[in-house]
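# Fold and geometry: a report
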Amino acid sequence: MTLSIGELGRRTDTKVETIRYYERIGLLAAPARTAGNYRAYGEAELNRLSFIRRARDLGFSIEQVRDLLALSDRRDQSCATVDELTRAHLAEVERKITDLEALRRELSALLSQCRQGTVSECLIIEALGPDRRT
């Protein structure tokens, strides 16, 4: 199987520019080239890019993806490092959820103060403005 960069992008739902970026930063190896000097990808690149996309969709950073790829290349070792990396990422996701829930409460509180008047009387606008207590 030989895929063009466009076909690889379609199969993995990845933009061509993103594929080139992953090549530049070393997440994807430079592909073989056709006689016409076009990039030629195979099943290994398709699988690797699918892995990268799934990890990125789960919110792993580029560096975390790089670490996961390195670990996935050493299939005979313990998965303790993978578990540790995933556990740390989950903790970060949970922290973000906590922050977002606090943000939701704050925005809801602002909205509950709305009196449906004019902008000049808007408590939301007032709350967003500079502190007038100085």
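The structure reproduced in this document is the subject of the present report. (Residues numbered from 1 in each chain as written. Predicted model: local features only at pLDDT ≥ 70, side-chain atom pairs only at ≥ 80, totals over all residues. Heavy atoms only, no water.)

## Topic: the packing of helix α4 (residues 62–72) against helix α5 (residues 80–112)
- Packing of α4 against α5 leaves a shortest axis separation of 10 Å and a crossing angle of 160 degrees. Classified by the interaxial angle, the pair formed by α4 and α5 is roughly antiparallel. Where α4 crosses over α5, the two elements pack in a sense that is left-handed. On the side of α4, the interface is formed by Q64, D67, L68 and L71, while α5 contributes T81, V82, L85 and H89.
- Tallied by class, residues from the contact of α4 with α5 come to four nonpolar, three polar and one charged. (Axes fitted to C-alpha atoms, helices over the stretch in contact; angles between N-to-C directions. Helix = DSSP H or I, 4+ residues; strand = E, 2+ residues; numbered from the N terminus. Parallel < 35°, antiparallel > 145°, perpendicular 65-115°, else oblique. Left-handed = near helix turned anticlockwise from the far one by under 90°. Contact = heavy atoms within 4.5 Å. Nonpolar A, V, L, I, M, F, W, Y, C, P; charged D, E, K, R; others polar.)

## Points about helix α2 (residues 16–24)
- Taken together, the buried positions of α2 are I19, Y22 and E23. Each buried residue of α2 lies within a common arc of 105 degrees when the element is viewed along its axis, so the set occupies one face. Every exposed residue of α2 that faces more than 90 degrees away from the buried side is listed here: E17 and R24.
- Looking one or two residues past α2, G26 carries a phi angle of roughly 90 degrees, positive in sign. (Buried < 20%, exposed > 50% of the residue type's maximum accessible area, 1.4 Å probe, protein only. Arc of directions from axis to C-beta.)

## A look at unusual backbone geometry
- With a phi close to 55 degrees, D13 is a non-glycine residue in the positive phi region.
- Relative to the helices and strands, D13 is located in the loop between α1 (5–12) and α2.
- A residue is classified by how much of its surface remains accessible, and D13, at 60% relative accessible area, is exposed.

## Some thoughts on the environment of T14
- Note that T14 resides in the loop between α1 and α2.
- In this structure T14 comes out as buried when scored by relative accessible area, which is 6%.
- Considering only alpha carbons, one finds T14 and V82, 68 residues apart in sequence, at a separation of 25 Å.
- In this structure, T14 is in contact with G9, I19, L49 and R53, ignoring residues within four places of it in sequence.

## Quick word on the side chain of E23
- By secondary structure assignment, the location of E23 is in helix α2.
- A polar contact of 2.2 Å, which involves the side chain of E23, links it to the side chain of Y41.
- Look past the residues within four positions of E23 in its chain and what remains in contact with it is L28, A29, P31, R39 and Y41. (Polar contact = N/O pair within 3.5 Å; in protein donor to acceptor, adjacent residues only side chain to side chain.)

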